[in-house]
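Examining the three-dimensional arrangement
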Amino acid sequence: MYLLVSALMSYNKTCLLLLIVLLLSISLFSVKPVAAQRATQFSTGDIFEIPAVNGSIKFSVNGTYVSADLVDDTWLFNNLTLSGSRFSGVLMFSAKNCNVTIHMFRSNSLRYTVEGMGEQVINLGLNSSIQSHVSEWSVINQDSVFFAPEKQWKLLPDNTIVVRELLGTLTVVRYNYGYPVNEDPFYLQHSILILTGITLVITVTIATIIKLKNRHQRRLP
Amino acid sequence: MVWEVPISIVLPLYVLAAVVGIALILKLSKDKTRKISNLRFYVQVLAIIVIFMGLILGPFDQPRWAPLGVSPRDRLIGTDFLGNQLPDGVPIPVLACYYPNGRTVTCPIWQLQAYTFPFWNYPRGYEVIYSTTGLEKIGIVIGSLIIAALIFGRSFCGWLCPFGLFQDVLTRIRKITKLKHRTFSDATNKKLGQSRYVIIATFMILSVIFGSYYIFGTELIPGTIASGPGGTEAGIVSSINEPFCLVCPMRPLCSLVEAGIGSMNFSYISKIVYGPFGIIGGYYSSINLTVLAIVIILSLNYRRFWCRICPLGALTGLFSTFTPFKQVALTKLEKDAQKCTKCGICKRACPTQATAVYNKKGGDVTESKCILCARCVELCPYDDALKITFAGKSIVASKI
């Protein structure tokens, strides 16, 4: 980077201008409007009890939610975001006769550790009107064992997954054949490709200017 | 041991250590014929730390390692920085595997193979949904490769690649054990260089054939659909989708390093998972091990043997030493025809047996085999006869 900058500085103002344009482009793509929300913070010490079915839920990382309600023995977390993740979404989780620690939550997956031979009912907040197919889902443990559907787990019509009598760290994941609906503007959806293209054009332009300048200097007596 | 020191403290310390180390080497190295080599060795070791930064820096509120998941570093660098467009690490032309941990940069060969599939998020890409199509991601990878190659040429191979360091260590072992040093004939070496392009073309075609079901909806090779009981075939399908990775000699080294430091579940690489390609563990096959063994034996006899046939080096060379890229490449090896006496030291010193540095009369003598290691420059006995330039400015030149 030092070499690049010093090379630019030692040439003309055009190079400097191109560098400024590049930096502005980078800053433009990194800025994203975020709506203000009143979120409640939780820590790894907070336990979400489900006394009626002898279960509990906690998290291995800190995070935030807008609301957390216990409805029909199921915790409903709205706008749940775990520390270190940019994803925010709805999670419905019920733990029956077991204690669960959630490690990771994404739009299409959840990783958690189960203590106690019980049952977990999980809904990742997918649109329940569009029923997913069982082949899109997997339940995997920490040793890469894929558990069989209809035996250790099953998919309900409203896209809820029910996992039974499994222990250890489990990952429930939905492999999505299609691309997610992204409401970001075009330039944000494709910002890395655009940025790569801009950087490539700038690199070639600067390199060409340097080459022409060197050729011109060599011709001078 | 897990460090909990924040990245804002650790990172400047690494930069400071790097700068002080480089300054000390430049100041204290007395032997002029080893000065650049010592500096290069130090930079190669630093590169290992950066490439495997996930192994060295603390988890920063992330789980230490994430089985079958997005790695902590992936979140920090891939997902959080690049969004969901390219969450698999930054493509840099060095052999550095795609793994659940320590992924600061990612091997572009793996990315090019994997992104051939429009629906790459099945069955791989756990927890990842891309917002970009495979074609877009390939565009990003090739664009990044061209930018890197135009700016730095094949110096990635000479100064940063972990497998390059591994081969340099083998050369040092050969010297210590006084094993005989061998060289290929120029004709053989030229054919090896040409074979790189055949290798990469073959594996890209194989990648498309093996993934034909996901690309065209037709299975060209039976058994390549992930439909086995309990999804057990997912492992083999995801491996043959990236056929070069099944033979790459760097793959076992990467996983062994990560497992050795405790950042990868050792059971991943020690248990037998699936059979047709002799896969042992989830991360490399018996083919990988065989190729690695052959490369080790050959590298003990021929310096930088793998670099002569490396498909990644071929791509970097293609984008920096062939027209039209050569016209605008910024890093070059240049020769002063008036100062060169044709003594031939440069030709003998070159670890990849590049010949242009000796055969060409003068001017730009960079060729696709040249890894810009500067060994010829530090051994050349004539002032300014050879030099590596960046943007026309001399970075390092030969001295008496």
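Residues numbered from 1 in each chain as written. Chains lettered and ligands numbered in written order. Predicted model: local features only at pLDDT ≥ 70, side-chain atom pairs only at ≥ 80, totals over all residues. Heavy atoms only, no water.

**A few points about the overall build of chain B**
Along chain B, the regular secondary structure elements total 21 helices and nine strands. For chain B, the proportion of contacts with a sequence separation of at least 24, taken over those separated by at least 6, is 67%. By element, 69% of the accessible surface of chain B is carried by carbon and sulfur atoms, the whole surface being about 16,000 Å². (Helix = DSSP H or I, 4+ residues; strand = E, 2+ residues; numbered from the N terminus. Contact = heavy atoms within 4.5 Å. Areas by Shrake-Rupley, 256 points an atom, 1.4 Å probe, with all protein chains shown as cover.)

**Regarding the nonpolar core**
Core analysis: the largest hydrophobic core is formed by 56 residues, its most contacted members being Leu95, Phe163 and Trp306 of chain B. When residues of this core are assigned to their parent elements, the largest contribution, nine residues, is made by helix H6 (residues 134-152) of chain B. Those residues in contact with phenylalanine 163 of chain B that lie beyond four places of it in its chain are Leu95, Pro249, Met250, Leu253, Leu292, Val295 and Trp306 of chain B. The next biggest cluster of nonpolar side chains, apart from the first, holds 35 residues, and it includes Ile102, Tyr112, Val163 and Leu170 of chain A. (Core = buried A, V, L, I, M, F, W, Y, C linked by side-chain atoms within 4.5 Å. Buried < 20%, exposed > 50% of the residue type's maximum accessible area, 1.4 Å probe, protein only.)

**Quick notes on the sheet that holds strand E6 (residues 331-335) of chain B**
Residue and element names in this part refer to chain B. With respect to topology, four strands assemble into an open sheet ordered E7-E6-E8-E9, the strand pairing being antiparallel. Each edge of the open sheet is held by one strand with a lone partner, namely strand E7 (363-364) and strand E9 (393-397). Of the pairings in the sheet, the one linking E6 to strand E8 (residues 386-390) comprises five bridges and is antiparallel in character. Paired with glutamate 334 across the two strands is lysine 387, which belongs to E8. (Pairing = 2+ DSSP bridges.)

**Some points on helix H17 (residues 311-321) of chain B**
Of all eleven residues in H17 of chain B, ten are buried, a share of seventy percent or more. Among the residues of H17 of chain B, those classed as buried are Pro311, Leu312, Gly313, Ala314, Leu315, Thr316, Gly317, Phe319, Ser320 and Thr321 of chain B.

**Some thoughts on the sheet that holds strand E14 (residues 168-174) of chain A**
All names here are of chain A. Pairing in this open sheet of six strands is mixed, and the strands run E2-E3-E8-E9-E14-E11 from one edge to the other. If you trace the sheet from one side to the other, it starts and ends with strand E2 (47-50) and strand E11 (137-141), each paired once. Strand-to-strand, the axes of this sheet are offset by a mean angle of 25 degrees, without reference to chain direction. (Axes fitted to C-alpha atoms, helices over the stretch in contact; angles between N-to-C directions.)

**Looking at the packing of helix H9 (residues 186-210) of chain B against H17 of chain B**
All names here are of chain B. Between H9 and H17, whose axes approach to 8 Å, the crossing angle comes to 110 degrees. As judged from the angle between their axes, H9 and H17 are roughly perpendicular. Each of Arg196, Tyr197, Ile199 and Ile200 in H9 lies in contact with H17, whose residues at this interface are Pro311, Gly313, Ala314, Leu315 and Leu318. Among the residues making up the contact of H9 with H17, the classes are represented as seven nonpolar, one polar and one charged. (Parallel < 35°, antiparallel > 145°, perpendicular 65-115°, else oblique. Nonpolar A, V, L, I, M, F, W, Y, C, P; charged D, E, K, R; others polar.)

**Thoughts on the confidence of the model for chain A**
Low-confidence regions, as indicated by low pLDDT, have predicted coordinates that should not be scrutinised in detail. Summary statistics for chain A give a mean pLDDT of 78 and a share of 76% for residues scoring 70 or more. Residue range residues 1-11 of chain A is modelled with pLDDT below 50. Its contacts to residues more than four positions away, or to other chains, number 15 contacts. (pLDDT = per-residue confidence, 0-100.)

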